[in-house]
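Chain by chain, the residues run as shown.
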Amino acid sequence: MPHLLCLDLGTSAAKAALLDLDGTVHLRAEAPYPTRHAADGTAEQDPRDWERAARAVIAELLEAAPAAKASGDGAAPAPVPDTAPDVEVAALVLTGQMQNLVPVPRSGAASIAILYSDTRAGVEAEELRAALAADGVSWDALTGNLQDATSCAAMHLRLLRAAPEQLADLQGVVFGPAGYLVARMGLGLWCDPTTAATTGLLEARTRDWSPAVARAAGLDPALLPALTAEAGQVVGHAGAEATALLGVPDGLPVVLAPGDAGATTCGIVGLAPGDAYVYLGTSGWLASVLPGTGTSPTGAQDAGGERERDEPDGVESAGAGSAGEDSAGEGAAGDGPAGVSHHLALGASSATAEPRILRISALLSAGAAANWARQALLDGADPAGADELLEAREQERGRGPSGLLALPSIVGERFPVRDASLRGAVVGIDAGTRGIDLYAALLEGVAHGLAHGLESEGDSSPRPLPVTGGGASSAPWLRILADVTGRPVRTVDGTDAALLGCALVAAEALGLDHALVPLGARQEAATIVPDPSAAAQHAALRPAHRALYDAAAQVQRLR
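Residues numbered from 1 in each chain as written. Predicted model: local features only at pLDDT ≥ 70, side-chain atom pairs only at ≥ 80, totals over all residues. Heavy atoms only, no water.

A. Representation of the overall build of the protein. Across its full length, the protein holds 15 helices and 24 strands. Counting across all 559 residues of the protein, residues that qualify as buried make up 59%. Sequence separation of 24 or more characterises 73% of the internal contacts of the protein that already satisfy a separation of 6 or more. Of the roughly 20,200 Å² that the protein leaves accessible, carbon and sulfur atoms contribute 52%. (Helix = DSSP H or I, 4+ residues; strand = E, 2+ residues; numbered from the N terminus. Buried < 20%, exposed > 50% of the residue type's maximum accessible area, 1.4 Å probe, protein only. Contact = heavy atoms within 4.5 Å. Areas by Shrake-Rupley, 256 points an atom, 1.4 Å probe, with all protein chains shown as cover.)

Set out below in structure tokens:
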């Protein structure tokens, strides 16, 4: 059976797997690489570490599957021993972290990659904003996202001033390790639309690079990579350069998948409009696939309209750069939900030929707020102990609202408002309120924050909402999430989601007959359905919960 060699180059490691066309992961490998941080906001990696890690994990997999192994000189694979597994590698599929600035030299390896979490380009970001505004262009509206120091355009302008030698004699620039490896394999400069949408250089309406932003950033538009049109696209076939670099068989198709946010979404729910999932980790988010372009679903205000506000923020906290890496930015509590979500373009697929966006609505604190509450309110109980207390409370009182309204925004907030100075709040405490009640209220607050995202998208789908991340192991929290959102919920293990997403888009791109399905569509996990009475009570509280963000922000400003 054909297998797909899928490679995910994340923030801290390269992960690879061989998946068959039924979605079974047969072999896995992982190799870490370091990040250089400094007090001035530096976050950099060495692309040569990406190369070494990628070659290591690919070699580990191919050595464990002799039928797929190529000789070092690029010759055809050796005959398969009778005892070897019957493995035919159909393609190498690449995804990875996004919103990196990687100058690619004309020859040899790149020596620097500035990561999505690098914050040194704040001055340059404001200069770019002012320069574009002087020409009547709103940078945020043009790109469909709020821009800041983590924009690749701002990074380029800073690097041009601070280390111009890094930008001399270039083949071009790419924006993540997947595109970089494609270039190093001799297949040209490529970028998928999802990654491109994180850079601050892509026009949301046209889904093409913005010459105006590039010029303002001191970047020759001719150095920008070509954009793929499909969710997964064959960008070439491995030749001598690819074999020497990564040890892959000569002639192997190379597929560029969406950046990691898109690949993960594809692996959990797919890329059809209406697909959505929830992540409950240290931070939390709702990721939704919507029809349309820019910042809004089809038929609503698009990116070319009025700018949502002139205080920018990056994409990286919502998983656009890499899931779970958060940093608070500036903002105000009066922003509408659509304007404070992140909007990423998605390539075409068999699901639909219409333009689609991936909207990510991110809460800065989900598991972090729960952890704080356990320490502060439950005498340091661990998650299992807290769940036991929640179960006992539910047995005593039944399912339904805690009687409190809570904001989990203990370190600022990104959705449904964007306000770095906002802090958590609880209202409704009386003489009978116990610590476990406050804990339940904080979990409800996270769930309400996510529910605001569903409401802003007009999502009333009856389909189960997949939930991944550490918080998905808490059965009481899942019941709260079901009741607050009014949606059935289902836990999924997202460990291999990006790799499965790679396999899905590659199988389509290659026209392979397959039985691959997203994790959320599988039936392994039980579905938790909302309690109708509890759901109705929570829905009635939603306007008051939304108003609490504005009230808390006003109080914070008066302190």
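B. Representation of the sheet that holds strand E6 (residues 88-96) in the model. Taken in spatial order, the six strands make up an open sheet running E3-E2-E1-E6-E15-E14, and their pairing is mixed. Only two strands of the sheet have a single partner each, and these edge strands are strand E3 (25-32) and strand E14 (233-237). Adjacent strand axes in the sheet meet at a mean angle of 20°, parallel and antiparallel pairs treated alike. Along the sheet, helix H5 (residues 177-184) contacts strand E1 (2-9), E6, E14 and strand E15 (253-256); its crossing angle with E6, the most-contacted strand, is approximately 130°. (Pairing = 2+ DSSP bridges. Axes fitted to C-alpha atoms, helices over the stretch in contact; angles between N-to-C directions.)

C. Broad picture of the pattern of salt bridges. On inspection of all chains with the given rule, the structure shows 22 salt bridges. Note that Arg120 and Asp118 form a salt bridge whose closest N and O atoms lie 2.7 Å from each other. For Arg120, a relative accessible area of 18% translates into the label buried. It is possible to trace a salt-bridge network through shared partners that takes in Arg393, Glu396, Arg397, Arg434 and Asp437. (Salt bridge = Lys/Arg side-chain N within 4 Å of Asp/Glu carboxyl O.)

D. The arrangement of empty space enclosed by the protein in detail. Tallying each qualifying case throughout the model produces four cavities of 30 Å³ or more. Volume-wise, the largest cavity comes out at about 150 Å³. Contributing to the lining of the largest cavity are 13 residues, with Arg393, Glu394, Arg399, Gly400 and Ile480 lying nearest its centre. When contributions to the lining of the largest cavity are tallied by element, the ones reaching two or more residues are helix H11 (383-397), helix H12 (435-456) and helix H13 (475-485). The leading source of residues in the lining of the largest cavity is H13, at four residues. Per-class residue counts for the lining of the largest cavity are four nonpolar, three polar and six charged. (1 Å grid on protein atoms, 1.4 Å probe; cavity = no way out; pocket = protein on both sides within 12 Å on 5 of 7 lines; lining within 4 Å. Points joined across faces, edges and corners; volume = space filled by probe spheres on them. Nonpolar A, V, L, I, M, F, W, Y, C, P; charged D, E, K, R; others polar.)

E. The arrangement of the packing of helix H2 (residues 122-134) against helix H4 (residues 152-162) in detail. Closest axis-to-axis distance for the H2/H4 pair is 8 Å, and the angle between their directions is 115°. What the angle tells us is that H2 and H4 run roughly perpendicular. Every pair of crossing elements has a handedness; the one defined by H2 and H4 is right-handed. Every residue of H4 that contacts H2 at Glu124, Ala125, Glu127 and Leu128 is listed here: Ala153, Ala154, Leu157, Arg158 and Arg161. The class makeup of the residues in the contact of H2 with H4 is five nonpolar, no polar and four charged. (Parallel < 35°, antiparallel > 145°, perpendicular 65-115°, else oblique. Left-handed = near helix turned anticlockwise from the far one by under 90°.)

F. Molecular detail of unusual backbone geometry. Cis geometry marks the peptide bond from Phe415 to Pro416; its omega dihedral reads 5°. Even without being glycine, Gln99 reaches a positive phi, approximately 65°. The phi dihedral of Asp169 falls on the positive side, at around 55°, and the residue is not glycine. Within the secondary structure, Asp169 is located in the loop between H4 and strand E9 (170-174).

G. Main features of H4. Within H4, eight of the 11 residues are buried, which leaves the element mostly enclosed by the surrounding structure. Turning to H4, its buried residues are Cys152, Ala153, Ala154, Met155, His156, Leu157, Arg158 and Leu159. Where the residues of H4 are buried, they touch strand E7 (102-105), strand E8 (113-114), H2, helix H3 (139-143) and helix H7 (211-216). Its side-chain oxygen 3.1 Å from the backbone nitrogen of Ala153, Ser151 forms the N-cap of H4. (Polar contact = N/O pair within 3.5 Å; in protein donor to acceptor, adjacent residues only side chain to side chain.)

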